[in-house]
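Remarks on the overall topology
Take a look at the letters that make up each chain.
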Amino acid sequence: MSLDISQLRTETPACKNLIHFNNAGAALSPTPVTRAVFSHLEREQEIGGYEAAVEAQGASENFYKAFAQMLGCSEKEIAYADSATHAWNKLFNAIAFKPDQTILTGQSEYASNYLAFLHLAKHKGINIKVIPNNEDGLLDLGLFEAAIDKSVKLIALTHVPSQSGVIHPAQAVGKLARHHNILYLLDACQSAGQVILDVESLGCDMLTGTGRKYLRGPRGTGFLYLKESCREHLEPAEIDLHSASWTAKNTYELRQDARQYESFECFLAGKIGLGVAVQYALDIGLECIEHRVQSLANSLRTQLQELGNVHVHEQGEHLSGIVTFNKQDKPADHLHAQLQSHGVNTSVLRLANSQLDQKQRQLPDINRASVHYYNTEEEIARFCDLVAAS
Ligand SMILES: Cc1ncc(COP(=O)(O)O)c(C=O)c1O
């Protein structure tokens, strides 16, 4: 199936005014998503928030249906969260770590996840083992396997990092996790919406992500997947009247699904909007999306490299929509500002926020251009002209 790019761009009105290469920051939401958010907010204004919630029960349930279809799991294994960080921390903090147990992770682990490891190490005396990437920038699977021992309680991997276009071998890590019977938490924040995610073949017990990036959902939304058979081994760190019922003065019962990690209060308009965004992606076809994003990103890398004075940081065949680079003698912030003045959105990734990865690769602050399927070859050509002229 081929994509109707012109229609998809019509449903992405800002495409008329700017070149949005900041999809790894926050992608542009399509009109059906924005409309769903607005119309729920309007109903809250018209009839009241609780009353609008009752009316929107079906739309709210669609959130679980859409994610279950996208991830190949049951609706009972999906929960809403207000960000990827909160989703990830809810699961991480539900694990009963004992002192001297180990978290095994990789060089590209997301900064906030690593901060959570440091926090736990400080308070509970757990160990953190970080496996370096190989020369292709991918998690070194040989070293990773060799680091597995009886002390490893959790394997935590970031699938697609913020600061590089690589796609880590999440499935191979899943095989190791299964073989050694170790909990496996996959951060799919940057991969959800641009890479096909099937939790069975990934072999993960837990997976988290955000709404606003490649899924094109509203800001302030996220989700988690928790494998049904894993749920009983975890214990939510906080509960409320949504995640549990108060059965008698001194007793309570947790909900028997992943929603035991949700709270009663949530940004319902955003949750509905994210459900619509996932359905929108499913209707387009995740395979088509993955193929188009990767081919646009490869084209961008090739054309940037051809400029001669631009260094593209990732190499290889199987890369994501994230392209990272530096222009010779041009601080990343300056280039970012100049591009923005021409209506081009990109990001700067700061060395200070990447103590494991950018530091290891001896990279300064770097520029990031992240493309989505609604971007075009014409935009890439214009972008490269602007980078050349900056
Ligand atoms: C790999 C990765 N994980 C987690 C996050 C955090 O997402 P959120 O801001 O929704 O908490 C990000 C955000 O950039 C990310 O790139």
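Only a predicted model underlies this, so the values are computations on that prediction, with no experimental measurement involved.

**Focus on the site of the ligand**
Near the ligand you find 13 residues, and of these Thr85, Ser162, Asp187, Thr210 and Lys213 are the closest. Thr85 is positioned with one of its side-chain polar atoms (N or O) 2.4 Å from an oxygen atom of the ligand. A distance of 3.0 Å separates an oxygen atom of the ligand from a polar side-chain atom of Arg212. Its free accessible area being 400 Å², the ligand has 89% of it covered by the protein chains. When grouped by side-chain class, the residues that make up the shell around the ligand number 4 nonpolar, 6 polar and 3 charged.

**Overview of the nonpolar core**
Counting residues in hydrophobic clusters, the biggest one holds 62 residues, and the most contacted among them are Phe67, Met70, Leu71, Ile155, Tyr184, Leu207 and Tyr373. Split by domain, this core shows at least three residues from each of two domains, domain 1 (5-25 + 287-389) and domain 2 (32-283). Residues contacting Leu207, with those up to four places away along its chain left out, are Leu71, Leu186, Ala188, Val199, Leu202, Phe223, Leu224 and Tyr225.

**Topic: the packing of helix α12 (residues 286-306) against helix α15 (residues 377-389)**
Direction vectors running N to C along α12 and α15 enclose 25°, while the axes themselves pass 10 Å from each other. If you check the angle between α12 and α15, you find them roughly parallel. Here α12 runs over α15; the crossing is right-handed. Contacts between α12 and α15 involve Leu296, Ser299, Leu300, Gln303 and Leu304 from the former and Glu377, Ile380, Ala381, Phe383, Cys384 and Val387 from the latter. Residue classes in the contact of α12 with α15 are distributed as 8 nonpolar, 2 polar and 1 charged.

**Looking at the pairing of strand β5 (residues 152-158)**
Counting buried positions over the 7 residues of β5 gives 6, a clear majority of the element. Sheet topology places strand β3 (residues 102-106) next to β5; 4 bridges connect them, and they run parallel. Bridged to Thr102 within β5 is Val152. The sheet contact formed by β5 and strand β6 (residues 183-187) spans 5 bridges and is parallel. Considered in β6, the bridge of Leu154 is made with Leu183.

**Side note on the pattern of salt bridges**
Think of it this way: side chains of opposite charge can pair up when their charged atoms draw near. All chains considered together, the criterion is met by 13 salt bridges. In this structure, Arg9 and Glu379 form a salt bridge, with 3.2 Å as the shortest nitrogen-oxygen distance. Of the two residues, Arg9 sits in helix α1 (residues 5-10) while Glu379 sits in helix α15, which places them 370 residues apart along the sequence. Across the salt bridge formed by Glu314 and Arg301, the nearest N and O atoms sit 3.4 Å from each other. With Glu314 in the loop between β11 (310-312) and β12 (322-327) and Arg301 in helix α12, the pair connects residues that are 13 residues apart, well separated along the chain. Look at the salt bridges and you will find they share partners, linking Arg43, Glu46 and Glu55 into a network.

**Section: the packing of aromatic side chains**
One pass over the structure, following the stated rule, counts 13 aromatic pairs. Plain terms: the ring middles of Phe92 and Phe97 are 5.5 Å apart, the flat faces sit at 50° to each other, and that makes the pair tilted. In terms of burial, Phe92 and Phe97 fall into one category: buried. An aromatic cluster is built from Phe63, Tyr64, Phe67, Tyr80 and Phe223, whose rings are joined through pairwise contacts. Of note, Lys271 hangs over the ring of Phe63, and the distance from its end group to the ring centre comes to 5.8 Å.

**Quick look at unusual backbone geometry**
Of note, the phi angle at Asp329 is positive, near 60°, even though the residue is not glycine. Checked against the element boundaries, Asp329 lands in the loop between β12 and α13 (332-341). Positive phi values are uncommon outside glycine, yet Gln362 reaches one of about 55°. Summarising the element assignment, Gln362 is placed in the loop between α14 (357-360) and β15 (366-370). Note on Gln362: relative accessible area 72%, which makes it exposed.

**As for the domain arrangement of the protein**
Here the domain parsing of the protein yields domain 1 (5-25 + 287-389) and domain 2 (32-283). Between domain 1 and domain 2, the C-alpha centre-to-centre distance is 26 Å. Joining domain 1 to domain 2, the criterion identifies 0 salt bridges. For the interface between domain 1 and domain 2, the tally reads 17 residue pairs in polar contact (both at pLDDT 80 or more). Of all the elements, α12 adds the most residues to the side of domain 1 that touches domain 2, at 6 residues. For the side of domain 1 that touches domain 2, the residue count by class is 12 nonpolar, 15 polar and 8 charged.

Scoring rules and cut-offs
- Residues numbered from 1 in each chain as written.
- Predicted model: local features only at pLDDT ≥ 70, side-chain atom pairs only at ≥ 80, totals over all residues.
- Heavy atoms only, no water.
- Near = heavy atom within 4 Å.
- Polar contact = N/O pair within 3.5 Å; in protein donor to acceptor, adjacent residues only side chain to side chain.
- Areas by Shrake-Rupley, 256 points an atom, 1.4 Å probe, with all protein chains shown as cover.
- Nonpolar A, V, L, I, M, F, W, Y, C, P; charged D, E, K, R; others polar.
- Core = buried A, V, L, I, M, F, W, Y, C linked by side-chain atoms within 4.5 Å.
- Buried < 20%, exposed > 50% of the residue type's maximum accessible area, 1.4 Å probe, protein only.
- Domains from an automatic or database assignment.
- Contact = heavy atoms within 4.5 Å.
- Axes fitted to C-alpha atoms, helices over the stretch in contact; angles between N-to-C directions.
- Helix = DSSP H or I, 4+ residues; strand = E, 2+ residues; numbered from the N terminus.
- Parallel < 35°, antiparallel > 145°, perpendicular 65-115°, else oblique.
- Left-handed = near helix turned anticlockwise from the far one by under 90°.
- Pairing = 2+ DSSP bridges.
- Salt bridge = Lys/Arg side-chain N within 4 Å of Asp/Glu carboxyl O.
- Phe/Tyr/Trp six-rings, centres within 6.5 Å; stacked < 30°, edge-to-face > 60°.
- Lys NZ or Arg CZ within 6 Å of the ring centre and 35° of its normal.

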